[in-house]
Amino acid sequence: MQLGLSVSDSDVSSFTPLVVLELADDTKAEAITWLLNRIRGKQQNGGAELLVDQLLFPAQDGQKSNPNVFVVGSTLQRLLKGAEDVGLFKEFQDGTMRGFTYANRESFKDFYGDGEGFLSDAECQYIIKHELDTLRAKNEEHVPGYPKVKLYPGKSVVRRLQSKGVLVQYFPLHNKEDLKRLSFSWYKKIKLYFQPLDDIRHYFGEGLALYFGFLEYFTFALVPMALIGIPYYLFDWENYDKYYVLFAVFNLVWSTVFLEVWKRCSAMLAYGWGTLSRKKAFEEPRAGFHGALGFNPITGREEPVYPSSKRQLRIYLVSVPFVLLCLYLSFYVMMVYFDMENWAISIYNENPNVATGILLFVPSIIYAVVIEIMNLLYRYAAEFLTNWENHRLESSFQNHLVLKVLVFNFVNCFASLFYIAFVMQDMVLLRQSLATLLITSQILNQVMEAFLPYWLQRRRNKKVHKRMRRMMGDKELPLLEQVQLETEMNTYLGTFDDYLEQFLLFGYVSLFSCVYPLAAVLVVLNNITEVYSDAFKMCHVFKRPFSEPAANIGVWQLAFETMSIIAVVTNCALIGLSSQVKAYFPESETEMILIVVAIEHVLLAFKFILAFVIPDVPKHIQVKLAKLEFDSLEALKKRVKVGQSLRNTLQSALSRQED
């Protein structure tokens, strides 16, 4: 990272731009001046002490372009002090991960000279975002030029401008050289080795790197199931109903061990990245949160307050009934699918041939497409409802959104499979439906997530390149062109949809792959293409997201663990339905059910014992964390002793003067 150097051949800016800030094109001049002064102002005066410059784009096709686009950067010293403010952890000289302090900066590994290159681009952009987000109103009652956009002391300026549409967007700029290197090592060459997770973390931050780490781990964990499933599929196709018990037992063990080992892997990654022991930052209210002004006893500031009782009423009287209504609609569509399935089977039975044989798969394909459409529509409705519930914190908003979406997606995707397995008890139809759902959903996801975004972004890029060449001729303005391109890119909305897709695939494999062994093979192939398509999207389709420090995969860990518990119950039930098990209890079905339930309880107990016995954090990392805590306590004691000694010396000196 070269600070203090020109970034454009036209010398558009005298510093390295890290963040783009776009205001509405009709923003009042006094509001712009006020905001820029606050960004540039000294910290002791309530400013962010950052560098900011305006980008002037030429007119486009006879129309005036938005003049209110700015680039934000910072001096190196300001970034290093900001690293301490946000609580970044960096590697110390002794190999431990410690909270960075500006005073002890030279004691940290890889800190040389003035610290050039010590912070990654992602960390620098995260620091700038933090400084912008924590710009607070002082005595202003409203945004200059906007009497209706009210302010109060302590209110986040940027969040207020966002919620009122004055600030259109702000996002970190891509670093072309770093992006080129990352692209080459990540997805531009076909390889069978691990992803460059450290490079991904260095460029995009820990949150996104953990997602790709989980995607890689999940894919490799599926390989044993895939290797067992292929010969099982090839040589025992006609004997699934006889031998799927063995595969179900393997599912039980695999789904239990899989998540326990992942927690240890994620802990090792998070420790190496300095987020495992990092204290969680104090959460500010969401930009969309609103309410009457009240007193926050924690911060001591005047903030919007929204009664919890009102939120609970909205949740239980509106959101919950709406979710139940959607679940009813999902069940209704499922029954329509079974009617279509019976119709196709009846036609095939009357006249079995190639055409009617193909017709047997049509209802499942249509149902799979309808499921994807319903999931998409419900997602928009769930976001609207969760936003309307007016949650104060982003974490609370995400938890409620995840719960709504998971409940509906689980029922919508798996209800028909449970019905076929345990009500109809038709393993042939279950196998056919599972295969069709998996294949159709994966094809649709690849089209929607990879091909379509790539095609749309390529069209946008061509338009921007043509427009810039037409306006500027042979004059090179790489910064202007880059900002123009990235401003029009899609905004990456986070890892929510990516984790949701993996959650559903994990469900298909852990719940029912014993009756369709190729499920694991299909998911492995899907995830391999997913790595490349997601990598390409992150590098060339979406705006670069701000780094999000993360120590684990958050609420998704609980979601996957819940699915693994359901998998234990489901596989035990499938074992109970097998012809081999039923043969042992020809006269007493009740006895068989009791034994299967008892085994299921034993396996669940074993699962919880295993989770308790296997530590989430490896022993060697626990030792390092304990050593760090011990050193911190010793340093605190030393400071207390030094302070006490100084006080005693001062008191003795005062006493002598009095004498």
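Per an unreviewed UniProt entry, the protein goes by Anoctamin and derives from Sinocyclocheilus grahami. The UniProt entry for the protein carries the following text under Sequence similarities (unreviewed entry): "Belongs to the anoctamin family." The Subcellular location (unreviewed entry) comment attached to the protein in UniProt states, word for word, "Membrane".

J.: What should I look at first to understand the sheet that holds strand 8 (residues 167-172) in this one?
T.: Sheet strands pair via backbone hydrogen bonds, and the direction of the pair is either parallel or antiparallel. As summarised here, the arrangement of the four strands in space is 2-3-1-8, forming an open sheet in which the pairing is antiparallel. Because the sheet does not close on itself, it has two edges, and the strands there are strand 2 (51-55) and strand 8. Taking each pair of neighbouring strands and ignoring which way they run, the sheet shows an average axis angle of 20 degrees. Where strand 1 (residues 19-23) meets strand 8, five bridges bridge the pair, whose relative direction is antiparallel. For E22, the partnering residue across the bridge sits in strand 8 and is Q169. Across the sheet, helix 3 (residues 121-133) touches strand 1, strand 3 (69-73) and strand 8, and the angle it forms with strand 8 is around 150 degrees.

J.: How do you make sense of a nonpolar patch on the surface when you look at a structure like this?
T.: Taken together, the side chains of F361, I365, V369, I373, L376, L377 and Y380 make up a nonpolar region of the molecular surface, amounting to roughly 660 Å² of accessible area. With respect to the element layout, I373 can be found in helix 11 (residues 362-388).

J.: Before we go on, may I ask you to explain the pattern of salt bridges in this structure?
T.: Should their charged atoms come close, side chains of opposite charge can pair. Per the stated rule, a full pass over the model turns up 14 salt bridges. A salt bridge links E260 to K263; the nearest nitrogen and oxygen atoms lie 3.5 Å apart. Placement of the pair is E260 and K263 together in helix 8 (residues 240-273), with a separation of three residues, close to one helical turn. Both residues of the pair, E260 and K263, belong to the buried class. Taken together, the shared-partner salt bridges in this structure form one network comprising K90, E123, R201 and E206.

J.: It is not clear to me how the UniProt feature "transmembrane region" (unreviewed entry) in the protein should be interpreted in this structure. Could you clarify?
T.: UniProt feature "transmembrane region" (unreviewed entry): in the numbering of this structure it lies at residues 208-231, 243-262, 315-338, 358-380, 401-422, 503-525 and 592-614. For the annotated span residues 208-231, helix accounts for 100% and strand for 0% of the residues, and the straight-line distance between the end C-alpha atoms is 36 Å. Measuring from the first to the last C-alpha atom of residues 358-380 gives 34 Å, for a span that is 91% helix and 0% strand.

J.: Sorry if this is basic, but what is going on with unusual backbone geometry here?
T.: Across residues other than glycine, the phi torsion is negative in most instances, and most of the peptide bonds are trans. Phi at D110 takes a positive value of approximately 70 degrees, unusual for a residue other than glycine. Inspection of the secondary structure assignment puts D110 in the loop between strand 5 (97-99) and helix 3.

J.: Just checking my understanding: could you explain the packing of aromatic side chains for this structure?
T.: A complete count under the given rule lists 40 aromatic pairs for this structure. In this arrangement the basic side chain of K90 is found over the ring face of F118, its NZ or CZ atom lying 5.0 Å from the centre. Stacked on the ring of F171, the Lys or Arg K543 has its end atom at 5.6 Å from the ring centre.

J.: What exactly am I supposed to notice about the environment of W273 here?
T.: Relative to the helices and strands, W273 resides in helix 8. Along the backbone, W273 and H202 are 71 residues apart, and their C-alpha atoms lie at a distance of 9.2 Å. In this structure, W273 is in contact with F89, M97, L197, D198, R201, E206, A209 and L210, ignoring residues within four places of it in sequence.

J.: Explanation requested: empty space enclosed by the protein in the structure shown.
T.: The method is simple in principle: a probe with the dimensions of a water molecule rolls over the atoms, and the space it marks as empty is what remains. As enumerated under the stated definition, the model contains three cavities of 30 Å³ or more in all. The space that makes up the largest cavity amounts to roughly 80 Å³. What lines the largest cavity is a set of twelve residues, among which Y152, K155, S156, E284 and P285 lie closest to the centre. Broken down by element, the lining of the largest cavity gets its largest block of residues, three residues, from strand 10 (residues 302-305). When grouped by side-chain class, the residues that make up the lining of the largest cavity number three nonpolar, two polar and seven charged. Residues lining the lining of the largest cavity come from more than one domain, with at least three contributed by each of domain 1 (19-173) and domain 2 (181-306 + 390-617).

Reading the values: rules and limits
- Residues numbered from 1 in each chain as written.
- Predicted model: local features only at pLDDT ≥ 70, side-chain atom pairs only at ≥ 80, totals over all residues.
- Heavy atoms only, no water.
- UniProt positions renumbered as here; feature names shortened; annotations may be inferred.
- Pairing = 2+ DSSP bridges.
- Helix = DSSP H or I, 4+ residues; strand = E, 2+ residues; numbered from the N terminus.
- Axes fitted to C-alpha atoms, helices over the stretch in contact; angles between N-to-C directions.
- Contact = heavy atoms within 4.5 Å.
- Patch = residues over 30% accessible without salt bridge, like charges linked within 9 Å, V, L, I, M, F, W, Y side chains within 5 Å.
- Areas by Shrake-Rupley, 256 points an atom, 1.4 Å probe, with all protein chains shown as cover.
- Salt bridge = Lys/Arg side-chain N within 4 Å of Asp/Glu carboxyl O.
- Buried < 20%, exposed > 50% of the residue type's maximum accessible area, 1.4 Å probe, protein only.
- Phe/Tyr/Trp six-rings, centres within 6.5 Å; stacked < 30°, edge-to-face > 60°.
- Lys NZ or Arg CZ within 6 Å of the ring centre and 35° of its normal.
- 1 Å grid on protein atoms, 1.4 Å probe; cavity = no way out; pocket = protein on both sides within 12 Å on 5 of 7 lines; lining within 4 Å.
- Points joined across faces, edges and corners; volume = space filled by probe spheres on them.
- Nonpolar A, V, L, I, M, F, W, Y, C, P; charged D, E, K, R; others polar.
- Domains from an automatic or database assignment.

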